[in-house]
Amino acid sequence: MNNKTLAIVSYITIIGWLVSFFSSNSPRDPLVKYHQKQSFGLYAIVIVYNVIIQIIARIIPSLVFIFSLVSLVFLVFIIIGAINASKEKETPLPLIGKLFENKFGFIN
């Protein structure tokens, strides 16, 4: 796969991120590395968010619908990230992208 494809695939579920991570060459292309960091950070936030929502859902079940609507924001972030990767742009995700630009040292 070429670098653009690997950057896009990193946004397609956790399995896509793993495929992108293990398919890219050892000195990763800056575009691939950037989008792997963005998508990894996004999926880390999604997992933490879902754990918190599961706890809240057991306490106050009526709030689940509202939180599920908020979850659509993560889908929008995935789409924005994939579009940025397809345009070969290193643009951070809205609201959360700046947090991950210099994190995750294992992606190099």
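Every chain begins its residue count from 1, and numbering advances along the sequence as written. In view of the model being predicted, local features appear only for residues whose pLDDT reaches at least 70, and side-chain atom pairs are presented and counted only at 80 or more, with totals across whole chains, interfaces and linings using the full set of residues. Excluding hydrogens and water, the side-chain values take into account all heavy atoms of the structure.

**Focus: the packing of helix α2 (residues 13–23) against helix α3 (residues 30–59)**
- All axes here are fitted lines through C-alpha atoms, helices being fitted over the stretch that makes contact, and every angle between N-to-C directions spans 0 to 180 degrees. Helical segments are the DSSP runs of H or I of at least four residues, strand segments are the runs of E of at least two, and each set is numbered from the N terminus. Look at α2 against α3: their axes get within 11 Å of each other, and the N-to-C directions meet at 150°. Between α2 and α3, the angle is such that the two are roughly antiparallel. The two elements α2 and α3 meet at a crossing, and its hand is left-handed. Listed contacts from α3 to Thr13, Ile14, Trp17, Ser20 and Phe21 of α2 are Val32, Gln36, Ser39, Phe40 and Tyr43.
- Gly falls in the polar group here, along with every residue not listed as nonpolar (Ala, Val, Leu, Ile, Met, Phe, Trp, Tyr, Cys, Pro) or charged (Asp, Glu, Lys, Arg). Its residues placed into classes, the contact of α2 with α3 shows 6 nonpolar, 4 polar and no charged. Roughly parallel covers angles under 35 degrees, roughly antiparallel covers those over 145, roughly perpendicular covers 65 to 115, and oblique covers all other angles. Handedness of a crossing is defined here by the sense of rotation of the near helix relative to the far one, left-handed for an anticlockwise turn of less than a right angle and right-handed for a clockwise turn. Contacts are assigned to residue pairs that have any heavy atoms within 4.5 Å of one another.

**Structural notes on unusual backbone geometry**
- Notably, Glu88 is not glycine yet its phi reads approximately 60°, a positive angle.
- Topologically, Glu88 is positioned in the segment after α4 (64–86).
- Of note in the backbone geometry, Phe104 takes a positive phi value of approximately 60° without being a glycine.
- Relative to the assigned elements, Phe104 resides in the segment after α4.
- You can call Phe104 partly exposed: its relative accessible area is 21%. Burial here depends on accessible area, computed with a 1.4 Å probe over protein chains only, as a share of the maximum for the residue type. Under 20% is buried, over 50% is exposed, and the range in between is partly exposed.

**Remarks on the side chain of Gln38**
- Tracing the backbone through its elements, the reader meets Gln38 in helix α3.
- Non-local contacts of Gln38, meaning those with residues more than four positions away in its chain, are made with Tyr11, Pro92, Leu93, Gly97, Phe100 and Glu101.

**Some details on α2**
- Every buried residue of α2 is listed here: Gly16, Trp17, Ser20 and Phe21. The buried residues of α2 occupy an angular sector of 135° when projected down its axis, which confines them to one face. Exposed side chains of α2 directed beyond 90 degrees from the buried face belong to Ile15 and Phe22.
- Looking at the buried residues of α2, the elements they touch are α1 (3–9) and α3. Of all possible arcs, the one meant is that of the directions from the helix axis to the C-beta atoms.

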